[in-house]
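Spelled out, the chains give:
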Amino acid sequence: MAAESGRSYDSVVISVGSLVSSLKVELKNAPLSMPPSHCIFKTPSILFRHKENSFLPNCFSIGPMHHGKENLVAAEKIKTKYLKGLLWRIITNREQTFSEEAIEIEEQKLFTDWVNAVKLVEKQASACYAGHDYAAELGDEFVKTMVLDAVFIIELFRMDAGEITKEEDDPIFSMACMLQFLHHDLILLENQIPWLVLEILFDKTALPFESKSLIELVLGFFANMFTTHPLKIKKWLFTYQDIKHVLDLLRLSLVLPSEEIKNNHNLDGNRSVRSQGSKKQV
């Protein structure tokens, strides 16, 4: 019968055995779970294909995923300007007076310190990005991007909150569309940098006269984006939260108040039950 059909049972057995072996190798090499460090992802294709532009930055690349794209290169000049302004502000707020040459030396020292600080968490920061090891792929360019983008974001939030003075010719605050672009670009999942990088550079660049925390600055910048009546920022709600990035903080700012209200409601209910029980005993 086998001869009539022209098939060989031996070849079938060999093919199945080969398939089983191949599957065993794939199962062995396949990761059973996603690394817990991953918190910045590419937009799922099922979302991306419906309205591509909604998930791409308009003007500003933040982090390595869109870094260097032709339509976003122009905004890099603004980032450099913010970095230069921060270096100047820190140096000129010191008691001593510096010559132009000394200022350049101090700027180099400050920038080197910030780069070294981010370099210490380079692998940890790179591990936040799913699908790529940007630290290995980009080398020093990855650390440079982290520093430049983090400083830009921090300075932007400081200016918006009135912690530092805006320059009259600042294109972001003198052109209405720029802030709209930023509100969009800064909440894209592909356009994030790790919170630990922001925290490190915020702490290293804060001056004594500044009063607001990084969390307050971020939430203040987006205060009117989700509601016309922003709630008072309760910093203590975020004390034990493992914040991943700016977008994650915004998510927590919506979730945590609801949980607090729910917990308070449950607490009031328990008190009421206990009170009624005490009255019955009396």
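Residues numbered from 1 in each chain as written. Predicted model: local features only at pLDDT ≥ 70, side-chain atom pairs only at ≥ 80, totals over all residues. Heavy atoms only, no water.

Undergrad: Can you walk me through the overall build of the chain in this structure?
TA: A tally of regular secondary structure across the chain gives 13 helices and 0 strands. Of the regular secondary structure in the chain, the N- to C-terminal order runs α-α-α-α-α-α-α-α-α-α-α-α-α. Counting all 282 residues of the chain, 36% fall into the buried class. Intrachain contacts of the chain at a sequence separation of at least 6 include 69% that bridge at least 24 residues. Of the roughly 17800 Å² that the chain leaves accessible, carbon and sulfur atoms contribute 57%. (Helix = DSSP H or I, 4+ residues; strand = E, 2+ residues; numbered from the N terminus. Buried < 20%, exposed > 50% of the residue type's maximum accessible area, 1.4 Å probe, protein only. Contact = heavy atoms within 4.5 Å. Areas by Shrake-Rupley, 256 points an atom, 1.4 Å probe, with all protein chains shown as cover.)

Undergrad: How should the confidence of the model for the chain be read in this particular structure?
TA: Detail in the predicted coordinates should be disregarded across regions flagged by low pLDDT. Scored by pLDDT, the chain has a mean of 86; 82% of the residues are at 70 or more. A low-confidence stretch, residues 265–273 (pLDDT under 50), is modelled with 0 contacts involving residues beyond four sequence positions or located in other chains. (pLDDT = per-residue confidence, 0-100.)

Undergrad: Where do I start with helix α5 (residues 100–120) in this structure?
TA: Helical periodicity: at 3.6 residues per turn, an α-helix aligns residues three or four positions apart in one direction. With 21 residues, α5 extends 31 Å between its outermost C-alpha atoms, agreeing within 8% with the 30 Å of an ideal straight helix rising 1.5 Å per residue. Inspection of α5 places I103, E106, E107, L110, W114, A117 and V118 among the buried residues, and these make up the whole buried set. Along α5, the residues classed as buried sweep out an arc of 110 degrees about the axis, all on the same side. Every exposed residue of α5 that faces more than 90 degrees away from the buried side is listed here: E101, E104, Q108, K109 and L120. Buried residues along α5 sit against α4 (76–92), α6 (122–126), α8 (140–161) and α11 (195–205). (Expected span 1.5 Å × (residues − 1). Arc of directions from axis to C-beta.)

Undergrad: How should the packing of aromatic side chains be read in this particular structure?
TA: The description of an aromatic ring pair rests on the distance of the ring centres and on the angle between the ring planes. Here the structure, examined in full by the defined rule, presents 7 aromatic pairs. Between the aromatic rings of Y129 and Y134, the centroid separation amounts to 5.4 Å while the plane-to-plane angle is 90 degrees, which identifies the pairing as edge-to-face. Of the two residues, Y129 and Y134, neither departs from the other in class, the shared state being buried. Centroid distance F221 to F222: 5.0 Å. Interplanar angle 85 degrees. Geometry classified as edge-to-face. Among the residues examined, F222 registers a relative accessible area of 2% and is labelled buried. Linked through ring pairs, F60, Y82 and F152 together constitute an aromatic cluster. In this structure, K166 is placed above the aromatic ring of F173, and the distance from its NZ or CZ to the ring centre is 5.2 Å. (Phe/Tyr/Trp six-rings, centres within 6.5 Å; stacked < 30°, edge-to-face > 60°. Lys NZ or Arg CZ within 6 Å of the ring centre and 35° of its normal.)

Undergrad: Sorry if this is basic, but what is going on with the pattern of salt bridges here?
TA: Pairing is possible between side chains that carry opposite charge, provided their charged atoms lie close to one another. Tallied over the entire structure, the rule returns 17 salt bridges. The salt bridge partner of E76 is K79, with a shortest N-O separation of 2.9 Å. Separated by 3 residues within a single helix, E76 and K79 lie in helix α4, roughly one turn from each other. E76 gets classed as buried once you look at its relative accessible area, which sits at 17%. A single network of salt bridges, built from pairs that share partners, joins R89, E155, R158 and E210. (Salt bridge = Lys/Arg side-chain N within 4 Å of Asp/Glu carboxyl O.)

Undergrad: What exactly am I supposed to notice about the packing of α8 against helix α12 (residues 214–221) here?
TA: Helix-helix packing is described using two parameters, namely the angle between the two axes and the distance between the axes. Where α8 meets α12, the axes come as close as 9 Å, and the angle between the chain directions of the two elements is 70 degrees. When the axes of α8 and α12 are compared, the pair comes out roughly perpendicular. In this structure, α8 contributes I154, L156, F157, R158, D160 and A161 to the contact, and α12 contributes L214, L217, V218, G220 and F221. For the contact of α8 with α12, the residue count by class is 8 nonpolar, 1 polar and 2 charged. (Axes fitted to C-alpha atoms, helices over the stretch in contact; angles between N-to-C directions. Parallel < 35°, antiparallel > 145°, perpendicular 65-115°, else oblique. Nonpolar A, V, L, I, M, F, W, Y, C, P; charged D, E, K, R; others polar.)

Undergrad: Is there a simple way to think about the side chain of N191 in this case?
TA: Relative to the elements of secondary structure, N191 occurs in the loop between α10 (176–185) and α11. From its side chain, N191 meets the backbone nitrogen of I62 in a polar contact 2.8 Å long. (Polar contact = N/O pair within 3.5 Å; in protein donor to acceptor, adjacent residues only side chain to side chain.)

Undergrad: Please clarify how the packing of α11 against α12 should be interpreted in this entry.
TA: Between α11 and α12, whose axes approach to 11 Å, the crossing angle comes to 115 degrees. On the basis of the axis angle, α11 is roughly perpendicular to α12. For the pair α11 and α12, the contacting residues are W195, L198, E199 and F202 in the first and L214, I215, L217 and V218 in the second. Across the contact of α11 with α12, the residue classes tally to 7 nonpolar, no polar and 1 charged.

Undergrad: Looking at this structure, how should I read α4?
TA: Between the first and last C-alpha of α4 there are 24 Å, a value that for 17 residues agrees with the 24 Å anticipated at 1.5 Å per step. Looking only at α4, the buried set comprises E76, I78, K79, Y82, L83, L86, L87, R89, I90 and I91. Buried residues belonging to α4 abut α5, α8, α9 (171–174), α10 and α11.

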